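Chain residues, written in single-letter form:
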Amino acid sequence: MHTFQDPLRRAITTHGDAEAVVCGDIRHDYDTTVDRCRRLAQALLALDLADGPLRRGDRVAIVAANCHRYIETYLAVPAAGLVLVPLNSRHTDHELRYAADDSATRVLITDRPPSPLDDVFERVIRIPDDYEALLAAAGPSDDPFPVDVFPDDLAETDLAGLFYTGGTTGAAKGVMLTHRNLIANAWSTFTWSELSPEDRYLVVSPLFHAAGTVQVLASVWMGSAQVILPAFDPAGVLDLFERERITTTLLVPTMLAATTDEQLRTPRDVSSLRMLSHGASPATLALLRRAADTFAHAELLHLYGATETSPVATALRHERAYLDTPVGKSCGSPVIGVDIAILGPDGDRLPVGEVGEVGIRGANVMQGYWNKPEATAAALSDGWYRSGDVGRVDDRGHLFLVDRSKDMIVSGGENVYSTEVEDALASHPLVAEVAVIGVPDERWGEAVHAVVVLREPADDPDAVASELLAHARETIAGYKVPKHIEISVDPLPKSGAGKILKRTLREPHWDGHDTAIM
């Protein structure tokens, strides 16, 4: 049985003098980081609040850019027996208020200026001044784990965090992850990442997102350094690769594309990079081939999972070797401790090769959705987390994602999987970004519609659209070819975690229609 306390204990026991975090000019070793975590926990539990001090299981939210203080909060709050609520820093006050009210969060740690949102909380701790003052006021201790700060009866079944989904398909849901869930992810990380004390992991994805925290616990446990980029910037990523001799990182596909293009324009010395992971949303084969060629020294690694699975469920190691084989279109096989099944509508396990809903089972699967028993019952069935993804498995256990169930287009009675169409269009050299959606059609019910961002502005967008349609007809069946291609001069809309927001693209087409596939 392990909790968040165990990586911290091991850090000060075995590698206290090793570099723990780098954030701008800040460089802290593990002794310093763990001491700051202890001081933060002590300060939080000593707060003089209107409804009394924080109690076991009370919620503490954070809204902030990536920084070393975010890492400390991520570690210290659960280790103190409290529940962390990481909130999307790109959300409006209205969206943040919903999550704060839903979770009954009492304390907020934030780098945002004062706003009406502050009234929701009993106490707001501002980064950096309030935060640093609290840590300075916390007393020193000969024991970095005094029982009055880090409870000695903390259990792996205790709730560690409420991770709110983005709400792109309705009201946001608080995903309840226990210590056991997140520790299970840390253990599996050691197997797919081959993490070592010499590694230097670049934190790029926002820490409010599951992809951002995927290796935090594992790095602390192992003694690897975490180098933190406050906000994604492709030039900033490459500069840190070179300056900090980064060995491994994880980028969502939109970040991977931008970083690859920047490296091709202005090359840096990226020879230290041994593993380049991607996940959180589908990546086209065209992008993966370009990234594999550009970062030739690094192993390409595909990760698949969800916030509900803490987050990693499958991994495809050495992806470069598979890109020209059928396996190259998969997201790998289950990581250790995880089972994958393809489930039919009634929950039965489907045979190899059949298409159905992806089910995930393991110690990493969430406890449920906060205050949403019906949503929990729908998502957790007979021990499986029903992901909402449509896929199949081959006879070697490789998982192939076909689409998100909500993104599947039914046109004239035929199922069209948007990812397949996107892959066909993305293989054209003019295409920088593409999203495929279903739009209303009187004859077909839904028509396939593609929104494309080009690498360079087009003098004749209609001619380019025709060229792309001809290209698509060479690789996919006629009923899958888009009925229309929209050339966008603006980047595709994205969530704070870098996922393309297809709902935003669909809304103008479905406005006023009785039925919309969202």
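Residues numbered from 1 in each chain as written. Predicted model: local features only at pLDDT ≥ 70, side-chain atom pairs only at ≥ 80, totals over all residues. Heavy atoms only, no water.

(A) Geometry of the packing of aromatic side chains. By the definition in use, this model includes six aromatic pairs. Between F145 and F150 the ring centres are 4.9 Å apart and the planes differ by 45°, which places this aromatic pair in the tilted class. Both residues of the pair, F145 and F150, belong to the buried class. Seen in terms of ring centroids, F190 and W221 are 6.5 Å apart; in terms of plane orientation they differ by 75°. Their pairing is edge-to-face. One end of the pair, F190, is in helix 6 (residues 179–193); the other, W221, is in helix 7 (residues 216–222), with 31 residues separating them in the sequence. (Phe/Tyr/Trp six-rings, centres within 6.5 Å; stacked < 30°, edge-to-face > 60°. Buried < 20%, exposed > 50% of the residue type's maximum accessible area, 1.4 Å probe, protein only. Helix = DSSP H or I, 4+ residues; strand = E, 2+ residues; numbered from the N terminus.)

(B) Quick peek at the nonpolar core. Core analysis: the largest hydrophobic core is formed by 85 residues, its most contacted members being L8, L44, Y74, L75 and I360. Setting aside chain neighbours within four positions, we find L75 in contact with F4, L8, C37, V216, L217 and V220. Residues L229, L240, L273 and L285 belong to the second largest nonpolar core, which totals 27 residues. (Core = buried A, V, L, I, M, F, W, Y, C linked by side-chain atoms within 4.5 Å. Contact = heavy atoms within 4.5 Å.)

(C) Focus on the confidence of the model for the protein. Averaged over the protein, the pLDDT score is 92; the fraction of residues at 70 or greater is 96%. Here residues 514–518 is modelled with pLDDT under 50, and outside its nearest four sequence neighbours on either side it reaches 12 contacts, counting other chains as well. (pLDDT = per-residue confidence, 0-100.)

(D) Region of interest: unusual backbone geometry. Residue I127 is joined to P128 through a cis peptide bond whose omega torsion reads 5°. Within the element layout of this structure, P128 appears in the loop between strand 6 (123–126) and helix 5 (129–137). Cis geometry marks the peptide bond from S310 to P311; its omega dihedral reads 0°. As for its position among the elements, P311 is in the loop between strand 13 (299–305) and strand 14 (312–316). Residue E194 is not a glycine yet carries a positive backbone phi of 50°. As for its placement among the helices and strands, E194 is situated in the loop between helix 6 and strand 9 (200–203). The backbone phi angle of R245 is positive, close to 55°, even though this residue is not glycine. Its location among the elements puts R245 in the loop between helix 8 (234–243) and strand 11 (248–251). Residue classification places R245 among the partly exposed positions, given a relative accessible area of 32%.

(E) Geometry of the state of the cysteines. On inspection of all chains with the given rule, the structure shows zero disulfides. Free cysteine C37: the closest other cysteine sulfur is in C67, separated by 12 Å. Free cysteine: C67, not disulfide-bonded; nearest cysteine sulfur from C23 at 5.7 Å. Using a relative accessible area of 10% as the deciding quantity, one classes C67 as buried. (Disulfide = S-S within 2.5 Å.)

(F) Quick peek at helix 14 (residues 502–510). Along helix 14, the residues classified as buried are K502, L505, R506 and W510. Seen along its axis, helix 14 keeps its buried residues to an arc of 120°; they face one direction. (Arc of directions from axis to C-beta.)

(G) Representation of the packing of helix 9 (residues 253–265) against helix 10 (residues 285–294) in the model. The geometry of helix 9 relative to helix 10 is characterised by a closest axis approach of 10 Å and an angle of 45° between their N-to-C directions. One element, helix 9, and the other, helix 10, form an angle in the oblique class. Relative to helix 10, helix 9 is oriented so that their crossing is left-handed. Every residue of helix 10 that contacts helix 9 at P253, L256, A257, T260, D261, Q263 and L264 is listed here: L287, L288, R290, A291 and T294. In the contact of helix 9 with helix 10, the residues fall into seven nonpolar, three polar and two charged. (Axes fitted to C-alpha atoms, helices over the stretch in contact; angles between N-to-C directions. Parallel < 35°, antiparallel > 145°, perpendicular 65-115°, else oblique. Left-handed = near helix turned anticlockwise from the far one by under 90°. Nonpolar A, V, L, I, M, F, W, Y, C, P; charged D, E, K, R; others polar.)

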